[in-house]
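Chain by chain, the residues run as shown.
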Amino acid sequence: MKLTVWTYEGPPHIGALRVATAMNGLHYVLHAPQGDTYADLLFTMIERRGARPPITYTTFQARDLGSDTAELFKSACARAYERFQPEAMIVGASCTAELIQDDPGGLATALDLPIPVIPLELPAYQRKEAWGAAETFYRLTRSLADPEARPAPLEGRRLRCNLLGPTALGFRNRDDTDEISLLLNRLGVDVLTTAPLNASPSDLTHLGEADFNVVLYPETGDLAARWLERTFKTPTIRTAPIGVGATRDFINEVVHTAGALGVTLNPAPLLADGLSRLPWWSRSIDSTYLTGKRVFVFGDATHAIAAARVATEEMGFELVGLGCYNREFARETRAAAEQYGLEALITDDYLDVEEAIAASNPELVLGTQMERHIAKRLRVPCAVISAPFHVQDHPARRAPQMGFEGANSLFDAWVHPLTMGLEEHLLEMFREDFEFNDQSPASHLGHAAAPKLAPQPVVETLAAPKPVAVEPGAPAWAADAERELKKIPFFVRSKARRNTESFAAERGVALITVETLYDAKAHYAR
């Protein structure tokens, strides 16, 4: 473990809490000291939930360590059952409480409560949040799924599937499940159970009755799906339908799976153009000024890999960086990066990510809320595509990432930062104009006089321009040349910088001045 300002994932008990909060009728008893109760804020503040998470903390203090902390845990379990009357209970320890080794599972079992009690063993110092969510959902599935359940005969009914993986505090999970449920319904498939989100422990007993499973988020749902495959021989669909191309692949995979079960589905109405605006825009003249823009992608593996495909195949961007923070999916991310001729960045250190973004010089960043802060410092447009996210990226309106409507959301979220960046550039470029500067009166007031400010003395200096720090061996930029470069529109600024630095390096120029900038411009304009 290490001290850090930002972190992509919390400890694994936060993942367990995401599952408990997503479900109905499940309660989580967490053996934890007083300081580990901060997790409630993640849900009430970011997701703006109307109720606090279904969790009871033992909240032992330092003075309790000399007494019987195990008895504190047993009392907390008994009180939680009496107060909340859940269908099932999960018990575990936070990273701090893990050190005192009170065995929450054994203590809860000894209480002999009249409900299923599932103990969680989440190694806080080796694993992280997404793994904790996956392990918790797997334990619940294995403990509660009826081993005798099987799909009903197909005669006289539609196919049924389970949607696996959506949790509380997942990036647009609520909206994605609604969108994919609607898509499957139009295709002729009913959703039997969506889990963990909005499922109850009793719902999990019926998981084996589905004809096939759909893993929307492998980070949290694939472990349970593999157990269902082994136990019930249930086919599994793993294509994440993010973007138009992936959504069509998903539909075709559902049709193929249905065919293997002896059911024919008609995908033609869903595969027809017009369900998403993204393909139209990609073919339109409006998209051409964004074609070839350099984009850096980082997030959880599912969203990052999908975003890379959408960016390159559907929006015409150039991928200059791809990575993920969850090491459990490093192999998949590296394989995806190789397709674009890149080396994947696998790290949970935001400083490594910031260094990689700065080195790749992108014109758009797609990432988490941390990449948004990094991009803001680097003055680069950014869109959030993955958890962790903040409240502004959990809108009250529906804004899915999956399906054809999700492709529309991607179109809006990714293109608007670039177009708004152009507007900001124009405002900045004309800031010194006599008509648009800060001291000019508002245009709708006609010739109304603006308040006159005292003239500021102009101080001239003969000092040489201060060079701007750059990579070792690369030409340095004089401060006045850097200011002149910022007058170039943002969507061609990085190309102008690269061309000017190449021009200077070829001619042995160590310091790029305004004259060098315009000489390079004239050279490449020939």
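Counting of residues starts from 1 at the beginning of each chain's written sequence and follows it residue by residue. Reporting in this predicted model follows two pLDDT cut-offs: at least 70 for local features of residues, and 80 or more for side-chain atom pairs to be given and counted; totals over whole chains, interfaces and linings ignore these cut-offs and use all residues. Side-chain descriptors were evaluated using all non-hydrogen atoms of the structure, hydrogens and water having been removed beforehand.

(A) Expanded view of the pairing of strand 7 (residues 212-215). Residue burial is assigned from relative accessible area. The probe radius is 1.4 Å, only protein chains are included, and a residue is buried under 20% of its type maximum, exposed over 50%, and partly exposed in between. Put simply, DSSP marks the helices as runs of H or I at least four residues long and the strands as runs of E at least two long, and each gets a number from the N terminus on. Neither face of strand 7 is exposed, since Phe-212 and Val-214 on one face and Asn-213 and Val-215 on the opposite face are all buried. Bridge count for strand 7 against strand 8 (residues 236-237) is two bridges, and the pairing is parallel. Its bridge partner lying in strand 8, Val-214 is registered against Ile-237. With the strands aimed away from the viewer, a crossover counts as right-handed if its path from the first strand over the helix to the second runs clockwise. With helix 8 (residues 218-232) bridging strand 7 and the parallel strand 8, this β-α-β connection has right-handed handedness. Strand pairing is assigned whenever DSSP detects at least two bridges linking the two strands.

(B) A look at helix 1 (residues 12-22). Burial analysis of helix 1 places 11 of its 11 residues in the buried class, which makes it a mostly covered element. Residues of helix 1 that are buried sit in contact with strand 1 (26-31), helix 2 (40-46), strand 2 (55-57), strand 3 (88-93) and helix 5 (129-144). Whether two residues touch is decided by their heavy atoms; if any such pair falls within 4.5 Å, the residues are in contact.

(C) Geometry of the environment of Thr-58. Note that Thr-58 resides in the loop between strand 2 and helix 3 (69-84). Judged by its relative accessible area of 9%, Thr-58 is buried. Once the C-alpha coordinates of Thr-58 and Phe-73 are considered, the two residues, 15 residues apart in sequence, prove to be 5.8 Å apart. Look past the residues within four positions of Thr-58 in its chain and what remains in contact with it is Leu-30, His-31, Ala-32, Leu-72, Phe-73 and Ala-76. Polar contacts involving the side chain of Thr-58 include one to the side chain of His-31, which spans 2.9 Å. Within 3.5 Å is the distance limit for a polar contact, defined as a pair of N or O atoms, with the added protein rule that one can donate a hydrogen and the other accept it, and that residues adjacent in sequence qualify only through two side-chain atoms. In this structure the side chain of Thr-58 is engaged in a polar contact, spanning 3.0 Å, whose partner is the backbone nitrogen of Ala-32.

(D) Local environment of the sheet that holds strand 8. An order of 6-5-7-8 is seen for the four strands of this open sheet, with the pairing classed as parallel. Both edges of this open sheet fall to strand 6 (189-195) and strand 8, since each of them pairs with a single strand only. Bridge analysis of strand 5 (residues 159-164) against strand 7 gives four bridges, and the strand direction is parallel. Within strand 7, the residue paired with Asn-162 across the bridge is Asn-213.

(E) Looking closely at the sheet that holds strand 10 (residues 318-324). The parallel open sheet is built from five strands, whose spatial order is 11-10-9-12-13. Both edges of this open sheet fall to strand 11 (345-346) and strand 13 (382-384), since each of them pairs with a single strand only. Geometry is summarised by axes, namely lines fitted to C-alpha atoms with helices restricted to the contacting stretch, and by angles between N-to-C directions that run from 0 to 180 degrees. Against the sheet, helix 12 (residues 301-314) makes contact with strand 9 (294-299), strand 10 and strand 12 (364-367), and its axis sits at roughly 175° relative to strand 10, the strand it touches most. Of the strands in this sheet, strand 9, strand 12 and strand 13 are in contact with helix 15 (residues 369-378), which crosses strand 13 at around 170°.

(F) Highlighting helix 6 (residues 173-187). Take the residue count of a helix, subtract one, and multiply by 1.5 Å to get its expected span. Taking 1.5 Å as the rise per residue, helix 6 with 15 residues should run 21 Å; its terminal C-alpha atoms sit 21 Å apart, in good agreement. Those residues of helix 6 not exposed but buried are Asn-173, Asp-175, Asp-176, Thr-177, Glu-179, Ile-180, Leu-183, Leu-184 and Leu-187. Looking at the residues trailing helix 6, positive phi occurs at Gly-188, about 105°.

(G) Spatial organisation of the pairing of strand 1. Among the six residues of strand 1, six are classified as buried, and the element is accordingly described as predominantly covered. The alternating pattern of strand 1 places Leu-26, Tyr-28 and Leu-30 on one face and His-27, Val-29 and His-31 on the opposite face, and all of these are buried. One ladder, built from six bridges, connects strand 1 with strand 3; its direction is parallel. By the bridge assignment, His-31 is partnered in strand 3 with Ala-93. This β-α-β element, strand 1 to helix 2 to strand 2, shows right-handed connectivity.

(H) Broad picture of the packing of helix 1 against helix 5. At a minimum axis distance of 6 Å, the contact between helix 1 and helix 5 shows a crossing angle of 50°. Judged by the inter-axis angle, helix 1 sits oblique to helix 5. As for how helix 1 packs across helix 5, the hand of that crossing is right-handed. Two secondary-structure elements touch here, helix 1 through Pro-12, Ile-14, Gly-15, Ala-16, Arg-18 and Val-19 and helix 5 through Glu-129, Trp-131, Gly-132, Ala-133, Thr-136, Phe-137 and Leu-140. Grouping the amino acids of the contact of helix 1 with helix 5 by side-chain chemistry returns eight nonpolar, three polar and two charged. Any angle that is under 35 degrees is reported as roughly parallel, and any over 145 degrees as roughly antiparallel; angles of 65 to 115 degrees are reported as roughly perpendicular and all others as oblique. The sense of a crossing depends on the near helix, which, turned anticlockwise from the far helix by less than a right angle, makes the crossing left-handed and, turned clockwise, makes it right-handed. Here the nonpolar group is Ala, Val, Leu, Ile, Met, Phe, Trp, Tyr, Cys and Pro; Asp, Glu, Lys and Arg are the charged ones; every other residue, Gly included, is treated as polar.

(I) Fine view of the pattern of salt bridges. Criterion for a salt bridge: a side-chain nitrogen of Lys or Arg within 4 Å of a carboxyl oxygen of Asp or Glu. This model, assessed by the stated rule, comprises 23 salt bridges. The residue Glu-328 makes a salt bridge to Arg-127 at a minimum N-O spacing of 3.6 Å. Within this pair, whereas Glu-328 is found in the loop between strand 10 and helix 13 (330-339), its partner Arg-127 is found in the loop between strand 4 (117-119) and helix 5, the two being separated by 201 residues in sequence. With a closest N to O distance of 2.7 Å, Asp-222 and Arg-226 form a salt bridge.

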